[in-house]
Amino acid sequence: MSDEITSTLQENRVFEPSARFLAEIGPLVVPDMAAYWRMYRQSIDDPATFWGEIARDFRWYRPFDTVVEWKAPDAKWFVGGTTNVCANCIDRQVDAGHGDDAAIVWEGEPCAPQPEVRTLTYNDLLREVSRTANALKALGVRRGDIVTIYMGMVPELTIAMLACARIGAPHSVIFGGFAPNAIVDRVRDAKSKIIITCDGAWRRGQVVALKKNVDDACEKLPEVEHVLVVRRTGEPVTMHTPRDQWWHALVAQQSTDCPCEALDSEDLLFLLYTSGSTGKPKGICHTVGGYMVYTAYTAKTTFNLVAGSNHVYFCTADIGWITGHSYIVYGMLPNRVPTLMYEGAPNFPAEDRFWAMIARHKVTHFYTAPTAIRAFMKWGDAHPAKHDLSSLLLLGTVGEPINPEAWIWYHQHIGASRCPIVDTMWQTETGGHIITPLPGCTPTVPGSCTLAFFGIDAAIVNEKGEELPPNQGGLLVIRKPWPGMLRGIHGDRERFIETYWSKVAGMYVAGDGARRDKRGYFWIMGRIDDVINVSGHRLGTMEIESALVSHPAVVEAAVVGMPHEIKGTGIAAFVTLAPSFTGTADDSLRKQLAEHVTKEIGAIARPDIIRFTALLPKTRSGKIMRRLLRDIAAGRDSTQDTTTLEDFTVLAKLRESDE
Ligand code: WTA
């Protein structure tokens, strides 16, 4: 496993925070490295005091008795406490007299000629969330019922999530780019009886037919009793009575008074499905108390957020992924810094859209993915240069390792060489940042996510759990519990233990290979399982293989990642055709198969290359030799030991057919 971890990256440039950053950001949450180390040690040695103090700043209906209870792999945080995440996001701000402050600034995609902008204050949110929560109750949703949300990036998406949180109905948000089958799997697994959706979503000037996708999914989901539909695009949709109802009709009738449920700290806040090595996507469970405290505190610290200042924060992720959950919604609202939410594509109507938005809204904090940065580089320096980006103070990245070249471009062309970059490493499972620089404090090195966040006892170990010396690649593990950690995989205890806790006894195994350099900085080298990170989006190679073999022309498929200039990792599929297939293995079939995957999973899973092969290279025990395929896809001559290959000729044939 760990012999696959290789990296040739050598990077020694160190960037200290600029004087202008220090002058303009406001008081630093962590003023210097001495403070970082002091706080870090306390967070590891005495987590109860460290997290207890932070958690007491939140609103609790009943104070917690114990900060943490830990018996690997089960953690309970803020035990005995009752609280409500929605109350801490909204009501607390309103009660403190900040009801008129901007909470969410939203910009729609269409620009005819100006984009539509909606600002929601905390008062607006309180009113709309309460109404929506009452609407959900009117549809029979009770505490503990899981609500599926499949929407575009419109304010109603955030409102729907917060409404669920308010009444203790966990949500399961499905990314709007997923296809109907992905909805079917997730709704079934969650046993959800209600779906909230939109008629459609704007994406690059086109309408994505969300409601139609829900209709298609519901053909296989007789258990879905209600579909609540937000009107966004105005395109015609079919409303099935009595199942479907318009949001605007139902929500408007509701009272604006909806008390928050007092929820147990360990009640489920949401499920979010993510890809693993095997099988279908798994529903990662996050609970109320720990997730609330961890996301708000990491947001405040990593982005140095200052409530009531000029800060305007813009994260370009979609809320359908964990980044949007944690750092557009739940981490942001308790910190009272306006969060800018954007509906559409980065290149609509032109490739300068983000820069125009930064200038328009005087954005101070900008958080995006390396894949996006590589696209910006390709689109050209002229786009950012046209706009006034002087409001920017801090930049961030997330989702995959950033190559130093992209880091330097981001630093120079977006950050004018004065904005620190926080390269934040984390996962759906971790709830919030686990390894990241702290701005104004941690010196940064391009390509390294630097040091562990407070409470994260991260290490690089071998399979026996022994810590490895500097620069030796190994498994990234976390040895102690932290408040934002996943509490399980929905309905699959065995898979939870097997995936995260069985590879190294008693430690959380993240699934990434990494090393630490001599200064102790972490360098993530990529996934060590069959998960690939395509444009910063997590996909299981198995899911794509299953989609391919569900096509009648295909009997077997193996999918691996390959280097890709923009996406970071592209998708290479090796496909064996069915004997019954009588057509030709040509580009038209390649296109058909690619479309089939798009239809089954979504466009993000569309293979970049498809290779036809009579056989796949396998070991004697029948395992597909993925390493070989990875080398072939990357155009590398394989130096791997091939003595276990069942059929050497397979490899030779695959090489011969190299385009
Ligand atoms: C990768 C996204 C290097 C990593 C928040 C991880 C990163 C997976 C970084 C989780 C980073 C995320 N540097 N790699 N800064 N951030 N990753 O669950 O492989 O969609 O395991 O969460 O993304 O992806 P997920």
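Residues numbered from 1 in each chain as written. Predicted model: local features only at pLDDT ≥ 70, side-chain atom pairs only at ≥ 80, totals over all residues. Heavy atoms only, no water.

Enquirer: In this structure, what is going on with the overall build of the protein chain? I would like to understand it.
Expert: When you go through the protein chain residue by residue, the secondary structure sums to 20 helices and 31 strands. In summary, the protein chain has a C-alpha radius of gyration of 24 Å against a globular reference of 26 Å for 659 residues, a match within 12%. Seen through its principal axes, the protein chain has C-alpha atoms that stretch 75 × 65 × 55 Å. For the protein chain, the proportion of its 659 residues judged to be buried stands at 60%. Once local pairs closer than 6 in sequence are excluded, the contacts in the protein chain between residues at least 24 apart make up 70%. For the protein chain, the accessible surface area stands at approximately 24700 Å², while carbon and sulfur atoms represent 50% of it. Taking the average location of the 68 positive side-chain charges in the protein chain and that of its 77 negative ones, the two points are 1 Å from each other. (Helix = DSSP H or I, 4+ residues; strand = E, 2+ residues; numbered from the N terminus. Rg over C-alpha atoms; globule rule 2.2 N^0.38 Å. Buried < 20%, exposed > 50% of the residue type's maximum accessible area, 1.4 Å probe, protein only. Contact = heavy atoms within 4.5 Å. Areas by Shrake-Rupley, 256 points an atom, 1.4 Å probe, with all protein chains shown as cover. Lys, Arg positive; Asp, Glu negative; His and termini not counted. Charge placed at Lys NZ, Arg CZ, Asp CG, Glu CD.)

Enquirer: Would you take a moment to explain the site of the ligand for this structure?
Expert: Near the ligand lie 17 residues; those nearest to it are D423, T424, T428, D512 and R538. Between the ligand and G399, the relevant distance is 3.1 Å, taken from a nitrogen atom to a main-chain nitrogen or oxygen of the residue. At 2.7 Å, a backbone N or O of T424 approaches a nitrogen atom of the ligand. In the complex, the protein chains occlude 97% of the 520 Å² of accessible area that the ligand would expose alone. Residue assignment for the shell around the ligand shows that the elements contributing at least two residues are α11 (322–330), β21 (421–424) and β26 (522–527). When grouped by side-chain class, the residues that make up the shell around the ligand number 6 nonpolar, 6 polar and 5 charged. (Near = heavy atom within 4 Å. Polar contact = N/O pair within 3.5 Å; in protein donor to acceptor, adjacent residues only side chain to side chain. Nonpolar A, V, L, I, M, F, W, Y, C, P; charged D, E, K, R; others polar.)

Enquirer: For this particular structure, what's the right way to read the nonpolar core?
Expert: Membership of the largest hydrophobic core comes to 168 residues, with the highest contact counts inside it found for W51 and Y330. With 9 residues, the single largest contributor to this core is helix α6 (residues 155–167). Not counting residues within four places of it along the chain, the set of residues in contact with W51 comprises V67, W77, F78, V293, Y294, Y297, F453, F454, G455 and P483. (Core = buried A, V, L, I, M, F, W, Y, C linked by side-chain atoms within 4.5 Å.)

Enquirer: How should I be thinking about the pairing of strand β23 (residues 474–478) in this particular structure?
Expert: Looking along a regular strand, one sees side chains alternate from face to face of the sheet. Burial analysis of β23 places 5 of its 5 residues in the buried class, the great majority of the element. The sheet contact formed by strand β22 (residues 458–461) and β23 spans 4 bridges and is antiparallel. Within β23, the position partnered with A458 by the bridge is I478. (Pairing = 2+ DSSP bridges.)

Enquirer: Explanation requested: the packing of aromatic side chains in the structure shown.
Expert: By convention here, two paired aromatic rings are described through the distance between centres and the angle between planes. For the coordinates displayed, the defined rule picks out 44 aromatic pairs. Between the aromatic rings of W77 and F78, the centroid separation amounts to 5.7 Å while the plane-to-plane angle is 50 degrees, which identifies the pairing as tilted. On the accessibility criterion, F78 (0% relative accessible area) is buried. We note R92 situated over the ring of F58; from NZ or CZ to the ring centre the distance is 5.3 Å. R186 extends its terminal NZ or CZ atom over the ring of F178, reaching a point 4.5 Å from the ring centre. (Phe/Tyr/Trp six-rings, centres within 6.5 Å; stacked < 30°, edge-to-face > 60°. Lys NZ or Arg CZ within 6 Å of the ring centre and 35° of its normal.)

Enquirer: Honestly, the packing of helix α4 (residues 85–98) against α6 in this entry has me stumped. Any pointers?
Expert: The geometry of a pair of packed helices is captured by two quantities: the angle between their axes and the separation between those axes. Packing of α4 against α6 leaves a shortest axis separation of 7 Å and a crossing angle of 115 degrees. Here α4 runs over α6; the crossing is left-handed. Counted together, C86, C89, I90 and D91 of α4 and L162, A165 and R166 of α6 form the full contact between these two elements. When the residues that make up the contact of α4 with α6 are grouped by side-chain class, the tally is 5 nonpolar, no polar and 2 charged. (Axes fitted to C-alpha atoms, helices over the stretch in contact; angles between N-to-C directions. Left-handed = near helix turned anticlockwise from the far one by under 90°.)

Enquirer: So what exactly am I meant to see when it comes to unusual backbone geometry here?
Expert: Glycine aside, residues mostly have negative phi, and peptide bonds are mostly found in the trans state. Of note, the amide linkage connecting A112 to P113 takes the cis form, showing an omega dihedral of -10 degrees. Across the junction of F348 and P349, the peptide omega takes the value -5 degrees, indicating a cis bond. When you line up the elements, P349 lands in the loop between β18 (339–342) and α12 (353–361). At T450, a position not held by glycine, the phi torsion is positive, near 65 degrees. With respect to the helices, strands and loops of the structure, T450 is situated in the loop between β21 and β22. Classification of T450 as buried rests on a relative accessible area of 0%.

Enquirer: Looking at this structure, how should I read a negative patch on the surface?
Expert: There is a patch of like negative charges on the surface, built from D189, D492, E494 and E498. Topologically, D189 is positioned in helix α7 (residues 180–190). (Patch = residues over 30% accessible without salt bridge, like charges linked within 9 Å, V, L, I, M, F, W, Y side chains within 5 Å. Salt bridge = Lys/Arg side-chain N within 4 Å of Asp/Glu carboxyl O.)

Enquirer: Just to check I follow, could you spell out the confidence of the model for the protein chain for this structure?
Expert: Should the pLDDT be low somewhere, the predicted coordinates at that spot are not to be read in detail. In this model, the protein chain carries a mean pLDDT of 94, and residues with pLDDT of at least 70 account for 95%. Averaged pLDDT values for the elements of the protein chain fall to 65 in helix α20 (residues 648–656) and rise to 99 in α6. Note on residues 1–8: pLDDT is under 50 here. Beyond four places in sequence and across chains, it has 15 contacts. (pLDDT = per-residue confidence, 0-100.)

Enquirer: I tried to follow the sheet that holds strand β8 (residues 171–173) on my own but got confused; where do I start?
Expert: Strands in a sheet are paired, the pairing made by backbone hydrogen bonds, and the direction either parallel or antiparallel. Pairing within the open sheet is mixed, and its 8 strands lie in the order β13-β12-β9-β7-β8-β15-β16-β24. Because the sheet does not close on itself, it has two edges, and the strands there are β13 (244–246) and β24 (488–489). Summarising the sheet, strand β15 (residues 268–274) and strand β16 (residues 282–287) pair through 6 bridges and their orientation is antiparallel. In the sheet register, L272 faces β16, and the bridge partner there is I284. Across the sheet, helix α8 (residues 210–218) lies against β7 (147–150), β9 (194–198), β12 (226–230) and β13, angled at about 155 degrees from β9, the strand it touches most. Against the sheet, helix α10 (residues 288–302) contacts β15 and β16, and its axis sits at roughly 80 degrees relative to β16.

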